[in-house]
Amino acid sequence: MCEICRRGFIGGAAAIGLAGACGMLSSPLKAQTPPGGTGSTRLPARGEFTITNAYIMTMERDFGDLAGASVHVRDGEIVAVGKAATSGGETIDGTGMIVMPGLVETHWHMWNTIFRSFAGDKPEEGYFPTVARFGQQMTPDDIFQSTRLAAAEAINSGMTYVHSWCHNVRSTAHAEADIRALAQAGIRARHSCGWPQGLPDTQSADQAPIETLAKNWKDYSREGLLTLGMGWRGQFRAGPIKPEVYQPEFDNARKLGLPITVHVASAAHRQAGQIELLYKAKLMGKDVQLIHALAVTPAELDMIEESGASISTSPGSELRIGYGYPLISEILAKRIPIGVSIDTSALTGSSNMFGVLKLARDSENARAESEFKMTARRALELGTIEGARAMGIDDQVGTLRPGKRADLIMISPNALNMAVVTDPAHLVLEATTPENVDMVVVDGRILKRGGKLVAVDTSEVISGARTALAGIRERTKWR
Ligand SMILES: [Zn+2]
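## What about helix H3 (residues 140-156)?
Residue pairs three or four apart in sequence face the same way in an α-helix, which turns once every 3.6 residues. If you check H3, its first and last C-alpha atoms are 24 Å apart, about what 17 residues at 1.5 Å a residue would give, namely 24 Å. Of all 17 residues in H3, 15 are buried; the element is thus mostly enclosed. Note on H3: the residue one or two positions beyond its end, Gly 158, has a positive phi of about 100°.

Printed below as a string of structure tokens:
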């Protein structure tokens, strides 16, 4: 551990062993134009700054909350946290503010955000037929506009990491458009490359896009800020999928060394037994993320635990679409890594993660018929360190401590919907809206400041999304 960390972090930092963490400084982001034009951005430089006199929720259990404390950031890394922390660079007054790690989102079809609130009230207007019908009309630019809108909304509302679950890869250019939007936004993300909407369940997904991305990933990755995974259809969509269709997709992801993510056992009363089938076919492991997993028996939870797979739950969409209640308490009791996710704005409308985390807590309390089943702080952990653990990035982000990358947010309670600071964990979980998120920092870059996005032209994002949707309406003769 370097001297500056030891001096900077109050109370026993050495005891938890931060050795080596200070060596994580990365070189500055180089301007680069990789294949597919993941090109120049207007991102601010990583600099050096110190947020002073803030109420800091470190989300480190050994350190807890620190009142009147500072966070010192340099070159994208947290240098020090605490009341006696070192300082340097620009001073940012955090008086009256709450600072915490940025929210970690774990499964989001960002590519269909331009269909926000489009899922209607009749079966033929439901989420799946709507997205399949209009998704097939999307150009790469439509994907770019949609993901750019989602990424801007993510940063605006305090997310610093997203898992872009891209299951409308109609060509390599479509995947590149999704990646380009993430890169330009400056957010930390995984792009999971999937299949095109409308692909028959009898046909394997074209492997050319994912192979192109994997082969050239360092050109897309923005020096590690973006990572690559595979969005897999799994063994079921509308009905069973044959092994000769799904197995080559799974095997190719493993061959490429990519993490795999799959929707499974979504609806609590209709899709039972799917986890057991995955387990028996040896299709789970530490590299596999299971989406939803609501229809799960205690025996299947044991199988998930044994396999090392993680879970993503999205209470906002799961409750909206009628899948049932997530089993968060049961999953946490098994110590299975679990994160919370947005899933899709077509169903959920807004994508405020604080609201989804509140739903996660509330649904646990509702099932238990108890006011006290899940604490507010545990819900915030799901949105920070637990989500980071589920995505395999907890060594980099998810808490505020020296040596981690500087992904953090500052919340201003100076608004009518907050105004008073009572219990900070409850207040943050229950009251925070995007308008309360004053500052957002990703990898040391200040992407939102004073309540305004720094690197995004909001009116351009909105008009681009509207134009893209209008084009799809025209092409589908939908009025
Ligand atoms: Zn999903």
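Okay, back to it.
## Regarding the domain arrangement of the protein chain
Considered domain by domain, the protein chain is made up of domain 1 (3-101 + 408-453) and domain 2 (103-390). The C-alpha-based centres of domain 1 and domain 2 are spaced at 27 Å. Each partner contributes residues to the interface: domain 1 has 28 residues there, and domain 2 has 33 residues. At the level of secondary structure, the elements contributing two or more residues to the side of domain 1 that touches domain 2 comprise helix H16 (424-431), strand S15 (437-442) and strand S16 (445-449). Top element by residues in the side of domain 1 that touches domain 2 is H16. It accounts for five residues. For the side of domain 1 that touches domain 2, the residue count by class is 16 nonpolar, eight polar and four charged.

## Here we look at the pairing of strand S9 (residues 226-232)
By the criterion of burial, S9 is predominantly enclosed, with five of the seven residues buried. Direction of pairing for strand S8 (residues 188-193) relative to S9: parallel, over a ladder of five bridges. Bridge pairing in S9 places Arg 190 opposite Thr 227. As defined by bridge partners, S9 adjoins strand S10 (residues 260-264) across three bridges and the pair is classed as parallel. Within S10, the residue paired with Trp 232 across the bridge is Val 262. Running through helix H7 (residues 243-256), the crossover from S9 to the neighbouring parallel element S10 is right-handed.

## Re the nonpolar core
Counting 139 residues, the largest nonpolar core has Ile 56, Val 99, Ala 151 and Leu 357 as its most contacted members. Among the domains, domain 1 (3-101 + 408-453) and domain 2 (103-390) are the pair contributing at least three residues each to this core.

## What to know about helix H17 (residues 458-475)
With 18 residues, H17 extends 26 Å between its outermost C-alpha atoms, agreeing within 8% with the 26 Å of an ideal straight helix rising 1.5 Å per residue. Taken together, the buried positions of H17 are Val 461, Ala 465, Ala 468, Leu 469 and Ile 472. The buried residues of H17 occupy an angular sector of 95° when the element is viewed end-on, so they sit on one face. More than 90 degrees from the buried face of H17, the exposed residues found are Ser 459, Glu 460, Ser 463, Ala 470 and Glu 474.

What counts, and where the lines are drawn
Residues numbered from 1 in each chain as written. Predicted model: local features only at pLDDT ≥ 70, side-chain atom pairs only at ≥ 80, totals over all residues. Helix = DSSP H or I, 4+ residues; strand = E, 2+ residues; numbered from the N terminus. Expected span 1.5 Å × (residues − 1). Buried ≥ 20, exposed ≤ 12 C-beta atoms within 10 Å, placed from the backbone. Domains from an automatic or database assignment. Contact = placed C-beta atoms within 7 Å. Nonpolar A, V, L, I, M, F, W, Y, C, P; charged D, E, K, R; others polar. Pairing = 2+ DSSP bridges. Right-handed = clockwise from strand over helix to strand, strands pointing away. Core = buried A, V, L, I, M, F, W, Y, C linked by C-beta atoms within 7 Å. Arc of directions from axis to C-beta.

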